[in-house]
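Residue strings, one per chain:
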Amino acid sequence: MSLKAGIVGLPNVGKSTLFNAITKNNILIANYPFATIEPNVGIVTVNDERLKVLNNMYSPKRLIETTFEFTDIAGLVKGASKGEGLGNKFLSHIREVDAICEVVRCFDDSNIIHVEGNADPIRDIEIINIELTLADLDVVQNRIGKIEKKAQTTKDKDALAELSVLKIMEEALASDIPIRRLKFSPEEEKMIKSFNLLTSKPIIYLANINESDIGKPNEYTDKVREYAVKDNADVIEMCAKVESEISELDDEEKNEFLHELGIKESGLDSLVKSTYHLLGLRTFFTVGSDEVRAWTFKQGMKAPECAGIIHTDFQKGFIKAEVMSYNDLISCGNELKVKESGKMRLEGKEYEMQDGDICHFRFNV
């Protein structure tokens, strides 16, 4: 799957430090605005405990995790929608991602420059969101200008339907309301998707805190959580500096460090999993002595499409999918017992793949 998430925020809020930790890439980190101009793209793995269990069960020659892309996009500033701070270039990079991870600084530190002078997470969120809203408003109004006369003179059904949706979006955006907060029919959603609007993309807020605040109440983070309710968005609290340190550790050292901090899961693991699900991504597995592998698919895909993720020939010549669920395999103990219990299934072309399915595809080309 080619879906990807973009990391955005004001300059110097911890985006690049976080991106380094996620992808273990050594990109430029500097204490001044616009240290990142071109977007940095990295492939991240999804830490799936189920894959480790399957690896122990099958002892394959190869173990392959599922992955997706994160993009580190340069810091936005006030006026970005009008081209300030190379804003138009940066906004175009955001248009290319499928979900937004907005990093918000939730700590005070006089040694780290803040482009607005001081930490204020809600102000910072609204600066970003207003710029995205203004950029979308420009797109919507340009489209209205092109289609309005045609719709009113020809009474074309499709044009009138599009104009109606555009007018609803124009009113919302003019009131600083992002498109993701509006409700549309499936047909209207399909139409809106073609505009590739920034504020229609799903969002996660990343509250970047100080190391000394880990596990403690944080007034800034509480404000972000309250704000995020409007977008029905997740908020993940993490210290980018600590996450960067954790990313350099092996699994055993990492677990010990997390235990010392009183944390069950690193912020990065939470982020990757939340973003994965935010994008509507799910995982199926193929297993055997040669290879145990996790495959990413989009929720709602049917068995032949998922077979095509492995190889196009699998989809062209699809016959059946032999399917068992991960939970059934674990509860039964092994494949043979899954079959004996009648929980191994043969599914056809209309079967909608489920997260955790373990599959063997039958095909003939």
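Residue positions are given per chain, counting from 1 as you read along its sequence in written order. Reporting of local features is limited, given that this is a predicted model, to residues whose pLDDT is at least 70; pairs of side-chain atoms are given and counted only at 80 or more, and all residues count toward the totals for whole chains, interfaces and linings. Only hydrogens and water are set aside when side-chain values are computed; all heavy atoms of the structure are taken into account.

**Q** Mind showing me how you'd approach the overall build of the chain here?
**A** Strands here mean DSSP runs of E at least two residues long; helices mean DSSP runs of H or I at least four residues long; both are numbered from the N terminus. Secondary structure summary: the chain contains 14 helices and 12 strands in total. In what follows, a contact means two residues having at least one pair of non-hydrogen atoms within 4.5 Å. Sequence separation of at least 24 residues holds for 68% of the intrachain contacts in the chain that already meet a minimum separation of 6. With residues, only the protein chains shown are counted as cover, and all accessible areas are computed by Shrake-Rupley using a 1.4 Å probe. For the chain, the accessible area works out to roughly 18,200 Å², and carbon and sulfur atoms hold 47% of it.

**Q** Where do I start with the side chain of Asp231 in this structure?
**A** Structurally, the position occupied by Asp231 is in the loop between α7 (219-228) and β7 (235-238). Excluding anything up to four places from it in sequence, Asp231 contacts Pro178, Arg180, Arg181, Ile203 and Tyr205.

**Q** How should I be thinking about the nonpolar core in this particular structure?
**A** As a rule of thumb, soluble globular proteins bury nonpolar side chains together. Ranked by internal contacts, the top residues of the largest apolar core, which has 58 residues, are Leu18, Phe70, Ile94, Tyr205, Leu206 and Leu271. Only buried residues count toward a nonpolar core, which is a set of Ala, Val, Leu, Ile, Met, Phe, Trp, Tyr and Cys residues joined through side-chain atoms within 4.5 Å. Burial classification: accessible surface area is computed with a 1.4 Å probe over protein chains only, and a residue below 20% of its type maximum counts as buried, one above 50% as exposed, and the rest as partly exposed. Counting 16 residues, the second largest nonpolar core, distinct from the first, contains Ala159, Leu166, Met169 and Ile192.

**Q** Honestly, helix α9 (residues 251-261) in this entry has me stumped. Any pointers?
**A** Spacing of three or four residues puts side chains on the same side of an α-helix, whose turn is 3.6 residues. The set of residues buried in α9 consists of Lys254, Phe257 and Leu258. Along the long axis of α9, the arc covered by the buried residues comes to 100°, so they all point the same way. Exposed positions of α9 whose direction lies more than 90 degrees from the buried face are Glu252, Asn255, His259 and Glu260. Check the buried side of α9 and you find it contacts α8 (240-246) and α10 (267-278). Where α9 begins, the side chain of Asp250 points an oxygen toward the backbone nitrogen of Glu252, at a separation of 3.2 Å. Just past α9, the residue Gly262 takes up positive phi, approximately 75°. Arc, as used here, means the arc of the directions from the helix axis to the C-beta atoms. In the analysis that follows, any N or O atom pair within 3.5 Å is treated as a polar contact, provided that within protein one partner can donate a hydrogen and the other can accept it, and provided that, for residues neighboring in sequence, both atoms belong to side chains.

**Q** Explanation requested: the packing of helix α5 (residues 157-174) against helix α6 (residues 186-193) in the structure shown.
**A** The relative placement of two packed helices is expressed as an angle between their axes plus a distance between the axes. At their nearest, the axes of α5 and α6 sit 11 Å apart, and the two run at 75° to each other. As far as their axial angle goes, α6 and α5 are roughly perpendicular. Where α5 approaches α6, its residues Ala161, Glu162, Val165 and Met169 are matched on the opposing element by Glu188, Met191 and Ile192. Broken down by class, the residue content of the contact of α5 with α6 amounts to five nonpolar, no polar and two charged. A fitted line through C-alpha atoms represents every axis, and for helices the fit uses only the stretch in contact; the resulting angles, taken between N-to-C directions, go from 0 to 180 degrees. The labels follow the angle: roughly parallel below 35 degrees, roughly antiparallel above 145, roughly perpendicular from 65 to 115, and oblique for the rest. Residues are sorted three ways: Asp, Glu, Lys and Arg are charged, Ala, Val, Leu, Ile, Met, Phe, Trp, Tyr, Cys and Pro are nonpolar, and all the rest, Gly among them, are polar.

**Q** Would you mind showing me how to read helix α11 (residues 303-310) here?
**A** Taken together, the buried positions of α11 are Ala303, Pro304, Cys306, Ala307 and Gly308. As for α11, its buried residues are in contact with β8 (281-286), β9 (291-298), α12 (312-316), β10 (318-325) and β12 (357-363).

**Q** I'm lost on a nonpolar patch on the surface in this one. Help?
**A** A surface patch of nonpolar side chains, about 200 Å² in accessible area, is lined by Val53, Met57 and Ile330. Taking relative accessible area as the criterion, Met57 reaches 32% and is therefore assigned partly exposed. Patches here: salt-bridge-free residues with over 30% relative accessible area, like charges joined within 9 Å, nonpolar side chains (Val, Leu, Ile, Met, Phe, Trp, Tyr) joined within 5 Å. Any carboxyl oxygen of Asp or Glu within 4 Å of a side-chain nitrogen of Lys or Arg constitutes a salt bridge here.

**Q** Is there a simple way to explain the pairing of strand β6 (residues 203-208) in this structure?
**A** Every regular strand shows the same layout, with side chains that alternate between the two sheet faces. Along β6, six of the six residues are buried, which leaves the element largely enclosed by surrounding structure. Because side chains alternate across β6, one face comprises the buried residues Ile203, Tyr205 and Ala207, and the other comprises Ile204, Leu206 and Asn208, equally buried. Following DSSP output, two strands are said to pair if at least two bridges run between them. Of the strand pairs in this sheet, strand β5 (residues 99-105) and β6 are connected by six bridges, and their pairing is parallel. Across the sheet, residue Val103 finds its bridge partner in β6, namely Leu206. Direction of pairing for β6 relative to β7: parallel, over a ladder of four bridges. By the bridge assignment for β7, Leu206 is matched with Ile236. In this fold, the crossover linking β6 to β7 by way of α7 has right-handed handedness. Here a crossover is taken to be right-handed if, once the strands point away from the viewer, the path from the first strand over the helix to the second is traced clockwise.

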